[in-house]
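# Report on the structure
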Amino acid sequence: MKKRNIVVLLVAFVMILAACADTGSDDTTTTTTTAPPAAGETTTTAAPTTTTTMVDPMADWPDQIVYGFVPSDNAETLTDTIQPYMGYLSAELGIEVEGVVTADYNGLVVALGAGQADLGAFGPLGYVQAAEQYPTIEVLIQSIRFGAATYHGQWFTNDASICDEPPVPGALVNGPDGPELKVATDVVALQVGWTFQDGVLVPEVLEDGTAVDPGLACNASLDKVRDRSIAFTSASSTSGGLFPQLQLLELDIDLEEDIEYTYVGSHDNAVAGVYNGDFEIGLSFDDARRGLRKDSPDVGSKVIVFNLTSEIPNDVVAVRGELPDSLKQAIYDATEAFLASEAGVEIFDEIYGWTGIRPAIDSDFDVVRDAQASGLGEE
C-alpha cells in the first residue's frame, strides 16, 4: 500500500508541474492535460496532450485608418497623387487606408486629436503644436531627403537688384559664416533645373522636350526686405513662416511696421506669387521652385533665391498614440518598403520630396519648440 501511494503522489506532482508550465511566448497560449488511468488499470504517468493557440498580432487593429495630408500645392492634385501610396499601404497592412487632404495644418491637428484621422504628415511646427494640444499624439516617421534629416527655408525674389552680386546658376547652403553660394551639382538637395539620370545629376528636360531653367541664386542681406511685400506660406509653417519671421525679429525688423506680408497658404503659392509679380519676396522650403517647373519651366531664372533660414528638422508622420504598436511598426515598415521601389520614389517626389525615412525622435524638435517660444507661429 505504501508503494502505491507514492506512485499516486508522483503522478499528482507531475500534473501540477504541467499545469503551471510557462511557454515563454507572448504569441501563444498553451494548455497541457494528462489522461487519468482507466478503471482496473495500473497507474502510470500518461503522455501529456498539448494544445497551442496562436495569438493574432492584428486582432486589435481597426478595419480602416485615415491618413491625413496638408497640401504643399494644389489640394486636388495632392489627393490624386497620394492614391498609389494609400493603395500600397492598404495591400500591405490588410486594412483600408483612406487618404484625406485637409485645408491646412490646423485642420489636420484637430482631425488627429479628435480621432477623425489616425496618422498625418506634418511639418515640424505642425507636429510640435499638435503634440502640445493633444499629448497622445506621437511622432513615428521622419523624412530623409538625399541623406539629410534637416532642411531650411529659402528667401526668394523676382528683383535681381536685391542681390549683392548678379545672380548665377547655383544654390545656397548654410555654411559656418552664413549662406554660401555653390554649384547646384555640389548640393545634396535637388535643385530646380536638375534631375537624376542613372544616378548622375543632369540638366532636366521635360517630356515634351522643354528644358527647365536652372535655378538662380545670390547673396543678399535680409535688411533689404524692409518696405517690401512678402508672401509667407502660413504662420504654422516652420520654413515658410516661423523661422524666417524669427530672423526678421532678430534684425529688429517689425513684422507689422517694416514689411507688408500675406499668408498665401502653401509653398507653391508663395513661389507662384513671386513668379507672377504679386509679391516681391517669398518664403518656402528648399527648393519649392521645382513644384512649378512643369507649367513654368523658367521659374528658376525668374525666382531668385537670396538667403536661407537656419537648419530645421525634416517633416514627419505623427500617429494617434492609441493605435496598436504592431500597427505603427507595420506602417513604418510598409512606407520604408514603398520608398525603396521606383514607383515609391517617384510618387514621394511629387508629394513631399522624400527620398527615405528614419524613426523619428521627439527631442530632435526641441529647436522648433525654442523658436516657438518667441511667440510666433500663431495667425
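Relevant structure appears above.
All of these numbers come straight from a predicted model, not from anything done at the bench. (Residues numbered from 1 in each chain as written. Predicted model: local features only at pLDDT ≥ 70, side-chain atom pairs only at ≥ 80, totals over all residues. Heavy atoms only, no water.)

### Some remarks on the overall build of the protein
Here is the rule we go by: Only DSSP runs of H or I with at least four residues qualify as helices, and only runs of E with at least two residues qualify as strands; both kinds are numbered from the N terminus onward. Relative accessibility thresholds used throughout: buried, under 20% of the residue-type maximum; exposed, over 50%; partly exposed, between the two (1.4 Å probe, protein chains only). Residue contacts follow a heavy-atom distance rule, with two residues in contact if any of their heavy atoms lie within 4.5 Å. With residues, only the protein chains shown are counted as cover, and all accessible areas are computed by Shrake-Rupley using a 1.4 Å probe.
Looking only at helices and strands, one finds eleven helices and 21 strands in the protein. With 379 residues in all, the protein has 46% of them scored as buried. Taking the intrachain contacts of the protein between residues at least 6 apart in sequence as the baseline, contacts between residues at least 24 apart amount to 75%. Accessible surface for the protein amounts to roughly 18500 Å². Of this, 52% is attributable to carbon and sulfur atoms.

### Section: the packing of aromatic side chains
Our working definition: Stacked, edge-to-face and tilted labels apply to pairs of Phe, Tyr and Trp rings (six-membered ring for Trp) whose centres lie within 6.5 Å, assigned for plane angles under 30 degrees, over 60, and everything in between, in that order. By definition here, charges over rings are those cases where NZ of Lys or CZ of Arg is within 6 Å of the ring centre and within 35 degrees of the ring normal.
Taken as a whole, this structure holds 15 aromatic pairs when the rule is applied. Taking the centre distance of 5.5 Å and the plane angle of 65° together, the rings of Y127 and F365 count as edge-to-face. A residue pair is termed long-range when its members are at least 10 positions apart, and Y127 in helix 5 (residues 124-133) and F365 in the loop between strand 21 (356-359) and helix 11 (366-372) qualify at 238 residues. Residue Y127 is classed as buried on the basis of its relative accessible area, which comes to 2%. Taken together, the ring pairs in this structure connect Y67, F69, Y85, Y88, F338, F348, Y352 and W354 into an aromatic cluster. A cation over an aromatic ring shows up here: K302 above the ring of Y275, its NZ or CZ 4.4 Å from the ring centre.

### Quick notes on the sheet that holds strand 6 (residues 137-144)
Selection rule: Any two strands are treated as partners once DSSP identifies two or more bridges connecting them. In this analysis an axis means a line fitted to C-alpha atoms, helices contributing only their contacting stretch, and an angle means the value between N-to-C directions, from 0 to 180 degrees.
Taken together, six strands build an open sheet; the order of strands is 4-3-5-20-6-21 and the sheet is mixed. Two strands close off the open sheet at either side, each with one partner strand: strand 4 (96-101) and strand 21. Mean inter-strand twist for the sheet, computed between neighbouring axes without regard to direction, equals 25°. Relative to strand 20 (residues 316-320), strand 5 (residues 119-122) is paired through four bridges, and the arrangement is antiparallel. Each bridged residue has a counterpart across the sheet, and for A121 the counterpart in strand 20 is V317.

### Side note on the pattern of salt bridges
Proximity of charged atoms lets side chains of opposite charge pair with each other. What counts is decided by this rule: Only one rule defines a salt bridge in this text: a Lys or Arg side-chain nitrogen within 4 Å of an Asp or Glu carboxyl oxygen.
This model, assessed by the stated rule, comprises 16 salt bridges. Among the ionic pairs, R320 bridges to D118, the shortest N-O distance being 2.8 Å. Of the two residues, R320 sits in strand 20 while D118 sits in the loop between helix 4 (105-113) and strand 5, which places them 202 residues apart along the sequence. Overall, D118 belongs to the buried group, its relative accessible area being 8%. Residues D287 and R289 are paired through a salt bridge, measuring 2.8 Å at the closest nitrogen-oxygen approach. There is no split in this pair, since D287 and R289 are both buried. Salt bridges here are not isolated pairs; linked through shared partners, they connect D118, R320 and E322.

### Quick look at empty space enclosed by the protein
In this approach the atoms are scanned with a rolling probe the size of a water molecule, which exposes any empty space left behind. Note the threshold: The way it works is a 1 Å grid over only the protein atoms, where trapped points that fit a 1.4 Å probe form a cavity and open points with protein on both sides within 12 Å along at least five of seven lines form a pocket, and then any residue with an atom within 4 Å of a point lines it. Grid points are joined across faces, edges and corners, and a volume is the space filled by probe spheres set on the points.
As enumerated under the stated definition, the model contains one cavity of 30 Å³ or more in all. If you add up the space inside the largest cavity, you get close to 30 Å³. Along its surface, the largest cavity is lined by Q154, G170, A171, L172, Q191, A217, D286, R289, V305 and L308. Looking at the lining of the largest cavity, the elements that each hand over two or more residues are strand 10 (171-175) and strand 18 (304-308).

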